[in-house]
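One letter stands for each residue in the lines below.
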Amino acid sequence: MGFSLAAAGVLLLHLAFVLFVVFGALLLVRWPRLAWLHLPAAAWGFFIELTGRLCPLTTLEKLLRMRAGLSGYGESFVEHYLLRLIYPGSLTREMQLGLAVGVVTINVLLYGWAFLLPRLRQRAHS
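### A few points about the overall build of the protein chain
Helix and strand counts for the protein chain come out as five helices and zero strands. Ordered by position in the sequence, the α and β elements of the protein chain form the string α-α-α-α-α. Scored against the burial criterion, the 126 residues of the protein chain give a buried share of 33%. Sequence separation of at least 24 residues holds for 59% of the intrachain contacts in the protein chain that already meet a minimum separation of 6. Summing over all exposed atoms, the protein chain offers an accessible surface of approximately 8,200 Å²; the carbon and sulfur share of this is 71%.

### Some thoughts on the confidence of the model for the protein chain
Counting all residues, the mean pLDDT for the protein chain is 82, and 86% of those residues have values of 70 or more. The element-level mean pLDDT for the protein chain is lowest in helix α4 (residues 77-86), coming to 60, with helix α2 (residues 35-51) highest at 93.

About the thresholds
- Residues numbered from 1 in each chain as written.
- Predicted model: local features only at pLDDT ≥ 70, side-chain atom pairs only at ≥ 80, totals over all residues.
- Heavy atoms only, no water.
- Helix = DSSP H or I, 4+ residues; strand = E, 2+ residues; numbered from the N terminus.
- Buried < 20%, exposed > 50% of the residue type's maximum accessible area, 1.4 Å probe, protein only.
- Contact = heavy atoms within 4.5 Å.
- Areas by Shrake-Rupley, 256 points an atom, 1.4 Å probe, with all protein chains shown as cover.
- pLDDT = per-residue confidence, 0-100.

Spelled out as structure tokens, the structure:
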């Protein structure tokens, strides 16, 4: 039961990390210094998708699932858990590249919003 619980914990951590990579820039409006943590996380997410590699959290979760006597899975975290929600078919290399571009695009837009919004508010109150 310990390995199963640990695998579930890694799964939740991985999901939280993916959400932070994609949408963490939203937190910058409230905590601008968080950019120092978010930028490397977003770069890592971009790198993983761009190169088609497996995240170490995927490897750790698979290991813990096997140690718990559960079935492992052969694909990445995105393919196994998120792909079915996002895409109806299987993950292709083109989709991975699209995800990489999506991570950068979403974050560029959110960073622009996060850093321009306070300046626009300040000008409006001046």
